[in-house]
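Notes for the structure review
The lines below spell out each chain.
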Amino acid sequence: MTEQLKEIELKAKEELSHAADLKSLDDIRVRFLGKKGEITAILKQMGKLSPEERPVIGQLANKVRADIEQAVTSAQNAIKSKAAAVKLEAERLDVTLPGKAPKLGNAHPLNATLAEVEEVFLGMGFDIVEGPEVETDHYCFEALNMPKHHPARDTQDTFYINENVLLRTQTSGVQIRTMEKMKPPIRIISPGRVYRSDAVDATHSPLFHQIEGLVIDKGITMADLKGTLEMLLKRLYGEDTQLRFRPHHFPYTEPSAEVDLMCFNCHGKGCSMCKQEGYVELLGSGMVHPKVLEGCGIDPEVYSGFAFGIGLERITMGRYNINDMRLLYENDMRFLEQF
Ligand code: DAH
């Protein structure tokens, strides 16, 4: 029996060493260790043995059983870890492969220009405020000294929600809203969308952007207006930029001026870019009209101030040499990627 048991152990281990999967391991285990297995068969014959032999064979049988059990367990572990290794290899990621870089966008030229303008004014201590695009007739016109039927309204036809509510044609209404809320000294700019009932062409759009500026304090003069605008435009267009202040009329400033930029193409001589004028019109400005100050509860005998309104499209087109406004709104990546 001793021989038989040893043979069983050898045979079992030999078979285990060839088993390729968990199922065949289990078959082997059942065949040798199961209730109807080979070891059980031997144990069943123990009755035939002498009383002295019984414990010896019993012990050996237990040891063989334990050895085979252990061999099964280690064969199982080997198969499992091999399977895990195969799975890992199959799922391996090559972290050294070049990645797929997400395409980074860049600021739209209008936003890039606006960001620079804001930076210049923040540096001079201005606040940035916002106003509503859907505005009342009062803030857009009336409080700016442009009563109904004022001829200055002719150039600013817009989209009406009703008789008194409209899409604002200018950011100037924010001046009024600010003066009603803040006490001088006031230093603000207010960028935003404005609307006009204009047909689309190379220089017109029913939607465009303005940046309004307003400064109110004691002793503010036209010199402050000139200094502030020069500071801005030299930062945007370079130190050799030349400005021209040309008398004009706006109902809400007195005196009023339009500011022109010397054409950077021909330096004032006149060319096709400036329509032979030597200068390009850039913005409207002036000293805030005493009637407007009074309407907002600010005493014009004590305070004075200046205001200006710049077209963001115009300064952007000038900076980047863009000759058609429509390019700014078409979202053509071939155009936008150049900035
Ligand atoms: N609101 C004017 C426009 O849309 C621009 C402007 C002119 C704004 C003079 C001002 C100003 O604040 O003082 O054409």
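Reading the values: rules and limits
- Residues numbered from 1 in each chain as written.
- Predicted model: local features only at pLDDT ≥ 70, side-chain atom pairs only at ≥ 80, totals over all residues.
- Heavy atoms only, no water.
- Domains from an automatic or database assignment.
- Buried < 20%, exposed > 50% of the residue type's maximum accessible area, 1.4 Å probe, protein only.
- Helix = DSSP H or I, 4+ residues; strand = E, 2+ residues; numbered from the N terminus.
- Pairing = 2+ DSSP bridges.
- Near = heavy atom within 4 Å.
- Polar contact = N/O pair within 3.5 Å; in protein donor to acceptor, adjacent residues only side chain to side chain.
- Areas by Shrake-Rupley, 256 points an atom, 1.4 Å probe, with all protein chains shown as cover.
- Nonpolar A, V, L, I, M, F, W, Y, C, P; charged D, E, K, R; others polar.
- Axes fitted to C-alpha atoms, helices over the stretch in contact; angles between N-to-C directions.
- Parallel < 35°, antiparallel > 145°, perpendicular 65-115°, else oblique.
- Contact = heavy atoms within 4.5 Å.

1. Focus: the domain arrangement of the protein
For the protein, the assigned domains read domain 1 (2–90) and domain 2 (109–336). The straight-line distance from the C-alpha centre of domain 1 to that of domain 2 is 94 Å.

2. Re the pairing of strand S7 (residues 253–262)
Of all 10 residues in S7, eight are buried, a share of seventy percent or more. Relative to S7, strand S6 (residues 243–248) runs antiparallel, the two sharing six bridges. Pairing of Arg244 across the sheet is with Asp260, part of S7. Between S6 and the antiparallel strand that follows it, S7, lie four residues.

3. Some words on the site of the ligand
Among the 16 residues in the neighbourhood of the ligand, the closest are listed as Gln170, Gln175, Gln210, Glu212 and Tyr252. The contact in question runs from an oxygen atom of the ligand to an N or O atom on the side chain of Gln175, over 2.8 Å. Gln210 is positioned with one of its side-chain polar atoms (N or O) 2.8 Å from an oxygen atom of the ligand. Relative to its free-state accessible area of 360 Å², the ligand is covered by the protein chains to the extent of 91%. Class assignment for the residues of the shell around the ligand results in four nonpolar, 10 polar and two charged.

4. So, the packing of helix H1 (residues 2–18) against helix H2 (residues 22–33)
It is at 10 Å that the axes of H1 and H2 come closest, and there the two elements cross at 170°. By the angle between their axes, H1 is roughly antiparallel relative to H2. The segment H1 lies against H2, with Ile8, Lys11, Ala12, Glu15 and Leu16 engaging Leu25, Ile28, Arg31 and Phe32.

5. Overview of the side chain of Ser190
Relative to the helices and strands, Ser190 resides in strand S4 (residues 186–195). In terms of polar contacts, Ser190 uses its side chain to reach the backbone carbonyl oxygen of Val129, at 2.8 Å. In contact with Ser190, other than residues within four places in its own chain, are Val129, Glu130, Gly131, Thr171, Val174, Gln210, Ile211 and Glu212.

6. Re the side chain of Gln175
Assignment of secondary structure puts Gln175 in helix H7 (residues 173–181). For Gln175, a relative accessible area of 1% gives the class buried. In terms of polar contacts, Gln175 uses its side chain to reach the side chain of Glu212, at 2.6 Å. Look past the residues within four positions of Gln175 in its chain and what remains in contact with it is Leu144, Glu212, Gly213, Leu214, Val288 and Ala307.

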